[in-house]
Amino acid sequence: MSATRIDYIVNPATSPLQGRIRVPGDKSISHRAIILASLAEGVSEFDGFLDSADTQATIATFRQMGVHLQQEGGMVSVEGVGLHGLSAPPGIIDLGNSGTSARLLMGILAGQRFDSTLSGDASLRRRPMRRVADPLNRMNADVRPTAQGTLPVHVKGGRQLRGIEYELPVASAQLKSALLLAGLYAGGKTTLIEPEITRDHTERLLAHFACPLNHSSHRSGRRIETAIGGDDSALQANNLRVPGDISSAAFFLAAACIVPGSDIFIEKVGINPTRCAVIEILRSMGADISVLNVDNNAAEPAADLRVRYRQLHGISIPPALIPIAIDELPAIMVAACYAKGETILKDAAELRVKESDRIQALAEGLDKTGVTVDTWPDGLRVLGGQPVGGMVDSHADHRIAMAFCLAGLAAGGPITVKNCKNVATSFPGFIDCAKQSGWEINTKTIPSD
Ligand code: S3P
């Protein structure tokens, strides 16, 4: 990051939040669309693509590996090079803040003829990569993270991968996706068993690009099998409309639950069932959310969401919903500060290894704004009331930054959120979009400390 810091300042709203908004395209789907279209045969076109710092990292990587890709805002055209058409990148691949790019690429690079090295920013270099490297190496890859299991990761090319049967030790869609992508290069079938259901965009898009998988249920989770392996698994180009990102919409769903009288309509949001537990969780806290104009005809379902203010009450968040609401938990826990009673989040240790330690970042910031909060290694408890104003740190984590902007909406005074530059990794235009609903966020640029 450059030598300035951007802080956001949110004053308590003086009137209800209202209006019709559209959030940018889904980040997970946008990454996968670039990846699969690059590896497909033929030209694919997308609209609604998320043009953000994270997805630009994926685009830049495929350009460095010889893929012709044109992108203007949400419109993208990709000339696929086929599974074996990538060329060696000229140097270290820098993925910035993007965990999805890093992990999914490890799976693809493991199957190439050339060597490569992946790295990223300070936050990404702290995140665990062994969870991906270990099973890839069981597939006969040669993938070497640092001794701490982090980036930079060196991937040796020219390895003949073989399919494995593997029970994922963590519920992680990035891990699952990396292994399914490596499976495209492996001899024989790759079979994965998920401990709990996680987002299934990779599976859906593989089918959309003509490479369907077999699914069956398995105890609490799901068993996924590549239908074919190795040289038979060619991908065919296809077009795609990327729906709005429910993870970005979540901040508006929560905002309308905080400011009395609010009524916000969010157009064309992705409602893939493995992503939208935030709706179920907020509804069980009392939220008034309607899902309208459902479109199930595309590879990824979408709908309009209308949310009207209703006083929330605290709940214990059901553990089975955690992997499918993982990125929305910061917004939910901040909404819980304004709920009646306490909200308990357990079984969410994965939050500690996101762009920041989100349990710690939430607890620290909420505590600074006078909210009663307790933490456990795998979660936190928040007692509803009214936060006071103050200054909190996002720890350069986009979702923590936007979550604390929520906290300022009805607090006893203004809330300043430090270090908000990374909001651009997932939600460029957040401030303008918020303004359209009457949510005013001011920015302050200051020299870094
Ligand atoms: C993602 C999966 C999740 C999520 C991340 C995006 C994806 O991470 O938190 O923001 O696109 O596959 P994990 O796979 O680590 O759970």
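**Student:** Now, about the pattern of salt bridges: what can you tell me, with residues and values included?
**Tutor:** In the structure shown here, the tally under the stated rule is 31 salt bridges. For Lys176, the salt bridge identified is with Glu203, shortest N-O distance 2.8 Å. Of this pair, Lys176 sits in helix H5 (residues 173-183) while Glu203 sits in helix H6 (residues 201-208), and the two are 27 residues apart along the sequence. Residue Lys176 shares its accessibility class with Glu203, and that shared class is buried. As a salt-bridge pair, Asp327 and Arg399 come within 3.9 Å of each other at their nearest N and O atoms. One end of the pair, Asp327, is in the loop between strand S18 (302-308) and helix H9 (329-335); the other, Arg399, is in helix H11 (residues 398-407), and 72 residues separate them in sequence.

**Student:** Outline the site of the ligand, listing residues and values.
**Tutor:** Every residue near the ligand is listed here: Ser28, Arg32, Thr100, Arg103, Ala171, Ser172, Ala173, Gln174, Arg199, Ile326, Asp327 and Lys354. Note that an oxygen atom of the ligand is positioned 2.8 Å from one of the backbone N or O atoms of Gln174. Lys354 places a polar side-chain atom, nitrogen or oxygen, 2.7 Å from an oxygen atom of the ligand. Within the complex, the protein chains bury 96% of what would otherwise be the 390 Å² of accessible surface of the ligand. Counting only elements with at least two residues in the shell around the ligand, the list comes to helix H1 (27-39), helix H3 (99-109) and H5.

**Student:** Help me get a handle on the domain arrangement of the protein chain, residues and values and all.
**Tutor:** According to the domain assignment, the protein chain consists of domain 1 (4-25 + 244-447) and domain 2 (27-241). Centre-to-centre separation of domain 1 and domain 2, based on C-alpha positions: 28 Å. If you look at the interface, domain 1 gives 27 residues, while domain 2 gives 28 residues. Roughly 2200 Å² of surface becomes buried between domain 1 and domain 2 when both sides are summed, with 48% attributable to carbon and sulfur atoms. Summed over the three residues of domain 1 that lose the most area to domain 2, namely Glu300, Glu355 and Thr425, the buried surface amounts to 24% of that side. Across the domain 1-domain 2 interface, the total number found is 3 salt bridges.

**Student:** Before we move on, can you summarise the sheet that holds strand S19 (residues 342-345) with the specific residues and values?
**Tutor:** What the 3 strands build is an open sheet, ordered S19-S21-S20; its pairing is antiparallel. The strands lining the two open edges of the sheet, one partner per strand, are S19 and strand S20 (372-376). Each adjacent strand pair in this sheet contributes to an overall mean axis angle of 10 degrees, direction not counted. Note: S20 against strand S21 (residues 379-383), 5 bridges, orientation antiparallel. Residue pairing for S21: Trp376 is matched across the bridge by Gly379. Sitting on the sheet, helix H10 (residues 358-368) is in contact with S20 and S21, with an inclination near 160 degrees to S20.

Calculation notes
Residues numbered from 1 in each chain as written. Predicted model: local features only at pLDDT ≥ 70, side-chain atom pairs only at ≥ 80, totals over all residues. Heavy atoms only, no water. Salt bridge = Lys/Arg side-chain N within 4 Å of Asp/Glu carboxyl O. Helix = DSSP H or I, 4+ residues; strand = E, 2+ residues; numbered from the N terminus. Buried < 20%, exposed > 50% of the residue type's maximum accessible area, 1.4 Å probe, protein only. Near = heavy atom within 4 Å. Polar contact = N/O pair within 3.5 Å; in protein donor to acceptor, adjacent residues only side chain to side chain. Areas by Shrake-Rupley, 256 points an atom, 1.4 Å probe, with all protein chains shown as cover. Domains from an automatic or database assignment. Contact = heavy atoms within 4.5 Å. Buried area = accessible area lost by both parts, 1.4 Å probe. Pairing = 2+ DSSP bridges. Axes fitted to C-alpha atoms, helices over the stretch in contact; angles between N-to-C directions.

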